[in-house]
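# Structural description and commentary
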Amino acid sequence: MAAVSYKPYFSAGLKEWIFTTDHKKIGIMYGVTSLLFFLIAGLSALAIRMELYQPGLQYMSEDAYNQALTVHGVLMQFWWAVGIWSSFGNYLLPLMIGARDVAFPRLNALSYWLFFAASVLALLTFLPGSQIRMMWTGYPPFSLNDNAGPVAFYALIIHLLGASSLAGAVNLVVTNLTMRAPGVTMKKMNLFLHSFLAMNVIQILGVPALAGAVTMLLMDKYFQTAFFDPARGGDPLLYQNLFWFYSHPVVYVMILPAFGVISEIIATFSRRELFGRTSMIVAIWGIAILGFMVWVHHMFTSGMPDWIRILFSYTTVLIGVPTGIKIFNWIFTLYKGSIRFTTPMLYTLSAIFMFLIGGLTGIPLGLPAFDIAVHDSHFVVAHFHYVLGMALTLAAFGGFHYWYPKFTGRMYSELWAKIALVLIMIGSNLFYFLQFIVGLEGMPRRYADYPAIDSWVRLHELQTIGAMILGAGVAIAVMNLLLSTKLGKKAEENPWQSPSLEWLVPSPPPPHNFDKTPHMPEDWDPYNYEWLEKQHKRQ
Amino acid sequence: MAQHEVHHLGEHEYSYWPLPVGLSVLLLPISFIALMVWQKPMLALVFGGVSLVLLLLGTVGWINEFFSKGHEEGLGLPAMMFFIVSEVVIFGTMFVGFYMARVSQAEVWSQWVPKGMNLTIPLILTFILWASSATIAFAEKFFEMGRNTLSALFVLLTIVLGTAFMVIHIMEWLHLWHAGFTLSSNMYGTSFYMLTGIHTSHIVVGILTMIVALYILLAGKANQHKGHTYIKAITLYWHFVDIMWLLVASSAYLIGSLA
Ligand code: HEM
Ligand SMILES: [Cu+2]
């Protein structure tokens, strides 16, 4: 491409970072913050697993255990599973639509600084007297109890994150809808973009519900309002309803972008347009809409008339349909594709495999008859660690590797990336599959201790070993990504040969992305690989 | 590396203002925590003060930059629409709280209604807000016709009406509060003050946006090419606040005090 090249991000000075409104730098700032908190949350998970290695209390007090669990849950949900997609979305969305930046670059910077503010607040909860122990769900009445720690931290962290997500979501939706380059029609949008559109719409509708719920917590604790006090006409179920009205859809905020990444990678490495592209888009929106109609499946044991449980059981099972459509489409895309088993592809296939296990265990959880028996047991924990912990993380790491040459202009070490994946898959399956079993045997979640039943002890020991292997795998993957920014060999401009717009600019892209607004021709499509070949021949 | 390194702080790639605004928003909750959790009022005051200064600095700089650099793309309007959608959900959570209690506590509810509660004040407030919806619509019309001074006059009128609304509303609150109907009395008190309080906080934001509008209209920063979207967006926001008032008032006052 052009003769000028650009200083890599890493040599930019502090001033260039903190005052930047460049969506790519902001994306990287999101990514670094998100990864940092992912690692903190991961360490607290290992602490939890150490405590559970044996029955009895070895390393932690019950309070410390509750704190570790809260830190783990909150950071993983909000910083990793939600936050990491802000990174991908910011970096890639404007590139994919052929825009120079997002619609509101300054607002975009502010979104990051709000995310940063929430991060500072989260770190302050490590101060003595400020620890929070109300779990990521923050249910009253426990969260209003002094044992749970100051709920102000929990509520205000969520306010800051909410403001950040909301501004970010509005920004990206408007960008996507109004700033697409000529030729990048709605029909030709990458599936990544469709996923992010749906995900951000969910954020716009859902975040305020959670913000309202935690505002009520804040008011109840510090201003003695009556929201959750039955003696004065309040109702703790109000919190549960509002919380899950957002927090079920939020699982799709987390997994839809993962689906988007998976779709991009599957298409590129099968070298064909995704099978059933239209049905994919319909499925994305089906999931987004249905996602708002299932929240009560988290409350089947909270006390409610049967007809409500039956209704929400139906909607829950129904949401398996669009989810299944997506999985079938990926598999059909592979069929007769010219598959390349590159590192990102291997991460992605692993993600699909893990999602399948997590999704298939979600369906029975949606049936009250089964759920009442296993609710709040380790079975549920295993379910969401398959979908959220593993499928999402593997997809995100797949994305890291896939776009690594784009972000950094270099390649990672193939060998270490694959070693990491093998460790991750062995560790996580050992860990989480046994978690299903111990859950079915009745191990309740959120307890620091358990009875010394032989089989339980063995299951917990093996789980902890699995967790250590998983932790080692993740650590290797992250180290590889970090070190390769310096040690990796220079990447080709378009190493995967994808015609998607982000690959048609230099890596890393110049600050303004495109010298001229690209006009994409009729026969271009992000998945039209022949078009790219024709371009090469012409040159 | 390369022959020439092009990595200056290009015009559209940096801005000094998001950072101070972000930091001010960080210090606000910390100030609250210092007061309520750490019980250090002096610390809270310092944080709160610094936060306010940063906020002022950041927003003024931001607004100035916004109206002097770059060109109008009109994207603010769809953004405002999406933002309003999420605002509706925020109000929705409080409505859910109110109606859940209203239905489930129907038997005891009548004991919760304070004596001083009547429908005269909300009626007056409603008329004031309706009038302000009209004045802001005129302001927008005159701006479109290029008559900025007249437009500014109507913005000013809207600000006056909004402020009147606030003052009367606060007097009404004080009156009810002294009659023993407080935020913590019961779910009626809680949801009454939360609904009307959140609504009034929107009035405050609306008035602040209109003060900015007044400034850009009078300083000549608003014309055919600039500030158009801003005026349109805040008009939209104000109409939303007005419509929301109808729902808030009919719930908090009307349905709330029907025994
Ligand atoms: C086929 C789709 C899915 C179905 C039918 C489903 C169903 C369920 C049900 C019924 C529960 C409640 C179990 C209980 O608490 O007793 C649950 C919990 C959970 N699910 Fe799923 N799920 C699905 C997919 C997902 C996905 C894709 C994610 C995230 C990416 C996810 C994350 C979670 C989480 C985090 C919880 C536990 C929340 C908590 O109590 O802390 N699920 N799921
Ligand atoms: Cu759910």
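Everything below is about the structure shown above.
Positions within a chain are numbered from 1, following the residues in the order the chain's sequence is written. As a convention, the first chain written is A and the first ligand written is 1, with the rest following in written order. Where local features are concerned, this predicted model is filtered to residues with pLDDT of at least 70; where side-chain atom pairs are given and counted, the filter is 80 or more; whole-chain, interface and lining totals use all residues. Note that the side-chain values use all heavy atoms of the structure and ignore hydrogens as well as water.

## Some remarks on the overall build of chain A
In plain terms, the rule: What counts as a helix is a DSSP run of H or I of at least four residues, what counts as a strand is a run of E of at least two, and both are numbered from the N terminus. Taken over C-alpha atoms, the radius of gyration is set against a globule rule of 2.2 Å times the number of residues to the power 0.38. Here the term buried applies to any residue with accessible area under 20% of the maximum for its type, exposed to any over 50%, and partly exposed to those in between, with areas from a 1.4 Å probe on protein chains only. Residues are treated as being in contact if the distance between any of their heavy atoms lies within 4.5 Å. Throughout, the Shrake-Rupley method with a 1.4 Å probe supplies accessible areas, and for residues the shown protein chains are the sole cover considered. Charged residues are defined here as Lys and Arg on the positive side and Asp and Glu on the negative side; His and the ends of the chain fall outside this count. For charged residues, the charge sits on one atom: NZ in Lys, CZ in Arg, CG in Asp, CD in Glu.
Secondary structure summary: chain A contains 16 helices and zero strands in total. Against the 2.2 N^0.38 benchmark of 24 Å for 539 residues, chain A shows a C-alpha radius of gyration of 23 Å, consistent with a compact globule. By principal-axis analysis of the C-alpha atoms, chain A measures approximately 75 × 50 × 45 Å. Going through the 539 residues of chain A one by one, you find that 64% of them count as buried. Long-range contacts, defined as pairs at least 24 residues apart, comprise 81% of the intrachain contacts of chain A with a sequence gap of at least 6. Within the structure as shown, chain A displays about 18900 Å² of accessible surface, and the carbon and sulfur contribution to it stands at 69%. One finds the centroid of the 33 positive side-chain charges in chain A at a distance of 12 Å from the centroid of its 29 negative side-chain charges.

## Focus on the coordination of the copper ion (ligand 2)
Residue and element names in this part refer to chain A. Defined as follows: In this listing, donors mean N, O and S atoms no farther than 2.8 Å from the metal, or 3.2 Å for Na, K and Ca; water is missing from the atoms, so a site can look incomplete.
Taken together, His-248 (ND1), His-297 (NE2) and His-298 (NE2) make up the protein donors of the copper ion (ligand 2), found 1.8 to 2.0 Å from the metal. Read from N- to C-terminus, the donor residues coordinating the copper ion (ligand 2) fall into the pattern H-x48-H-H. The distance between the copper ion (ligand 2) and the iron atom of ligand 1 is 4.6 Å. Taken as a pair, His-248 in the loop between α7 (236-247) and α8 (249-270) and His-297 in the loop between α9 (277-290) and α10 (306-334) lie far apart in primary sequence, 49 residues in all. Both residues of the pair, His-248 and His-297, count as buried.

## Examining the nonpolar core
Here is a general trend for soluble globular proteins: nonpolar side chains tend to be buried in one another's company. Our working rule: Put simply, buried Ala, Val, Leu, Ile, Met, Phe, Trp, Tyr and Cys residues joined by side-chain atoms within 4.5 Å make one nonpolar core. All the domain ranges listed were derived from an automatic or database domain assignment.
The biggest cluster of nonpolar side chains holds 248 residues, and the ones touching the most others in it are Trp79(A), Phe88(A) and Tyr154(A). Per-domain counts for this core show at least three residues from each of domain 1 (1-70) and domain 2 (73-257) of chain B. With residues up to four places along the chain from it excluded, the contact list for Trp79(A) reads Thr33(A), Ser34(A), Phe37(A), Val74(A), Ile84(A), Phe115(A), Ala118(A), Ser119(A), Ala122(A), Ile157(A) and Leu161(A). Counting 15 residues, the second-largest nonpolar core is a separate cluster that includes Ile48(A), Ala68(A), Ala448(A) and Tyr450(A).

## Topic: helix α1 (residues 18-36) of chain B
Rules: Expected span, for any helix, means 1.5 Å times one less than how many residues it has.
The terminal C-alpha atoms of α1(B), which comprises 19 residues, lie 28 Å apart, in line with the 27 Å expected from a rise of 1.5 Å per residue. Judged by how many residues are buried, α1(B) sits mostly within the fold: 14 of 19 residues are covered.

## Quick notes on the coordination of the iron atom of ligand 1
Under ideal tetrahedral coordination, the four donors around a metal are separated by 109.5 degrees; under ideal octahedral coordination, the six donors are separated by 90 or 180 degrees. From the protein, the iron atom of ligand 1 takes a single donor atom, His383(A) (NE2), 2.1 Å away. Within the element layout of this structure, His383(A) appears in helix α13 (residues 378-408).

## Regarding the pattern of salt bridges
This is how it is decided: Definition used for salt bridges: Asp or Glu carboxyl oxygen within 4 Å of a side-chain nitrogen of Lys or Arg.
For the structure on display, the rule yields 13 salt bridges over all chains. Put simply, Arg277(A) and Glu273(A) hold a salt bridge, and the shortest N to O gap is 3.1 Å. In this structure Arg277(A) comes out as buried when scored by relative accessible area, which is 10%. Here Glu144(B) ties to Lys232(B) by a salt bridge, and the two come within 3.1 Å at their closest N and O atoms. Of this pair, Glu144(B) sits in helix α5 (residues 120-144) while Lys232(B) sits in helix α8 (residues 228-257), placing them 88 residues apart in sequence. Taking the relative accessible area as the measure of exposure, Glu144(B) reaches 33% and is therefore partly exposed. A relative accessible area of 26% means that Lys232(B) is categorised as partly exposed.

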